[in-house]
Amino acid sequence: MKYGKIYLFILAVVLFSSCNDWLTVTPQNKTQEDDLFKTGDGYRVALNGLYQQMSENSLYGQELTWGFMSVLSQNYVYDNLKSQRYKDAGAYEYGTSGCSSIIDGIWRKLYNTIANCNNLLQRIETENPGLFELKELERNMIMGEAYSIRAFCQFELLRLFAPAPVTDDKKVYLVYVTEYPTLVGKKLPVTDYLDLVIDDLKKGKNLLNAFWVGGLICAIGQALLNGYQALGLDETTAGAAVSISLVLLSAILTGFAVYDDIAKFAGAGTLVPITG
């Protein structure tokens, strides 16, 4: 009887501890996510995670490259296919359990990647550029890549699960997801959906242009700084001379009607090296 009470006490402690862990799973996950986005490195890790997801077997590691899509394209000799799932896909029998499991995996992983893009974008759009090592330039780079990945994944969904835009049957097929979390969204016709893909690609392009042009101007500034210091100027004076030189250069380019074109192409990338 004595040992029985001890066993019951130990069992109660174990069950209580397990229950406590189960009850705190969500807060712990939320805390880990918040901690991830506290640093610029965390944002880079999140961005790398998007590429890692896209490289998994259910997407570009297999099914959307040499696997499922190649089978659909009849790139393999049907009789030589070893997998029953691929045999079903090669015969366009999408309703079989094997084939539908591949399709379901593609669908889920693409939308999961899009959700992670939206989570990253919602956080970084209001983030202080000072959190990042390269300030606004790095923030623009991460945002530009995230917008581009979001557009790419949603274009893949359109390509796989909706008719070609040339048909333009005005029917609704897919939800273009831009918020995190999204449980239910409004389905769109193919042409409207494609317009949103193009909008995201333009955002990504503009942000990445701002990154590389701003980075180029920074490199020119660094070269000027090294040159002025080599001439004997101290760091403070050399820094002031660099700012004056860049402003003078922009004025000359403006006089030749070139700077406005650069500014239209690079956006904030032409301002960050001076202001940031």
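Computed from a predicted model, the values in this text were never measured in an experiment.

A. Inspection of the overall build of the protein chain at higher detail. Scanning the protein chain from terminus to terminus reveals 11 helices and two strands. When the helices and strands of the protein chain are read in sequence order from the N terminus, they spell out α-α-α-α-α-α-α-β-β-α-α-α-α. The buried share of the protein chain, taken over its 276 residues, is 34%. Considering only residue pairs separated by 6 or more positions, the protein chain has 58% of its internal contacts joining residues 24 or more positions apart.

B. View of the nonpolar core. Of all hydrophobic cores here, the largest spans 46 residues; its most connected members are F68, L120, I142 and Y193. Listed by contribution, the elements that provide at least two residues to this core are α3 (40-54), α4 (68-72), α5 (84-90), α6 (97-124), α7 (135-161), β1 (172-175) and α8 (190-230). Every residue in contact with Y193, bar those within four places of it in the chain, is listed here: Q154, L157, L158, L174, V175, Y176 and L188.

C. Fine view of the packing of α6 against α7. α7 packs onto α6 with a crossing angle of 155° between their chain directions and a minimal axis gap of 9 Å. As judged from the angle between their axes, α6 and α7 are roughly antiparallel. When you trace α6 past α7, the crossing you get is left-handed. Taken together, the residues of the contact of α6 with α7 sort by class into 19 nonpolar, three polar and three charged.

D. How the structure looks around α3. The terminal C-alpha atoms of α3, which comprises 15 residues, lie 22 Å apart, in line with the 21 Å expected from a rise of 1.5 Å per residue. G40, G42, Y43, A46, L47, L50, Q53 and M54 are the residues of α3 that are buried.

E. Here's a closer look at the environment of M54. Mapped onto the elements, M54 comes out in helix α3. Along the primary structure M54 and T113 are separated by 59 residues, whereas in three dimensions their C-alpha atoms are 7.5 Å apart. In this view, M54 contacts L59, Y60, G61, T113, I149, F152 and C153; residues no more than four positions away in its chain are not counted.

F. A look at the state of the cysteines. Using the criterion set out here, one finds zero disulfides in the structure. Just so you know, C117 is unpaired, no disulfide at all, and the nearest cysteine sulfur is the one on C153, 6.0 Å from it. A relative accessible area of 0% means that C117 is categorised as buried. In this structure C153 comes out as buried when scored by relative accessible area, which is 0%.

G. Unusual backbone geometry, seen in detail. With omega at -5°, the peptide bond leading from Y180 into P181 counts as cis. Relative to the assigned elements, P181 resides in the loop between β1 and β2 (187-189). Here Q74, not a glycine, exhibits a phi torsion of approximately 60°, which is positive. Tracing the backbone shows Q74 in the loop between α4 and α5.

H. View of the side chain of E156. For E156, the location among the structural elements is in helix α7. You can call E156 buried: its relative accessible area is 5%. In contact with E156, not counting residues within four places along its chain, are Y60, L64 and L110.

I. Structural context of the confidence of the model for the protein chain. Per-residue pLDDT for the protein chain averages 83, and the proportion of residues at 70 or more is 78%. Counting contacts from residues 13-26, a segment whose pLDDT is below 50, to residues more than four positions away or on other chains yields zero contacts.

Scoring rules and cut-offs
Residues numbered from 1 in each chain as written. Predicted model: local features only at pLDDT ≥ 70, side-chain atom pairs only at ≥ 80, totals over all residues. Heavy atoms only, no water. Helix = DSSP H or I, 4+ residues; strand = E, 2+ residues; numbered from the N terminus. Buried < 20%, exposed > 50% of the residue type's maximum accessible area, 1.4 Å probe, protein only. Contact = heavy atoms within 4.5 Å. Core = buried A, V, L, I, M, F, W, Y, C linked by side-chain atoms within 4.5 Å. Axes fitted to C-alpha atoms, helices over the stretch in contact; angles between N-to-C directions. Parallel < 35°, antiparallel > 145°, perpendicular 65-115°, else oblique. Left-handed = near helix turned anticlockwise from the far one by under 90°. Nonpolar A, V, L, I, M, F, W, Y, C, P; charged D, E, K, R; others polar. Expected span 1.5 Å × (residues − 1). Disulfide = S-S within 2.5 Å. pLDDT = per-residue confidence, 0-100.

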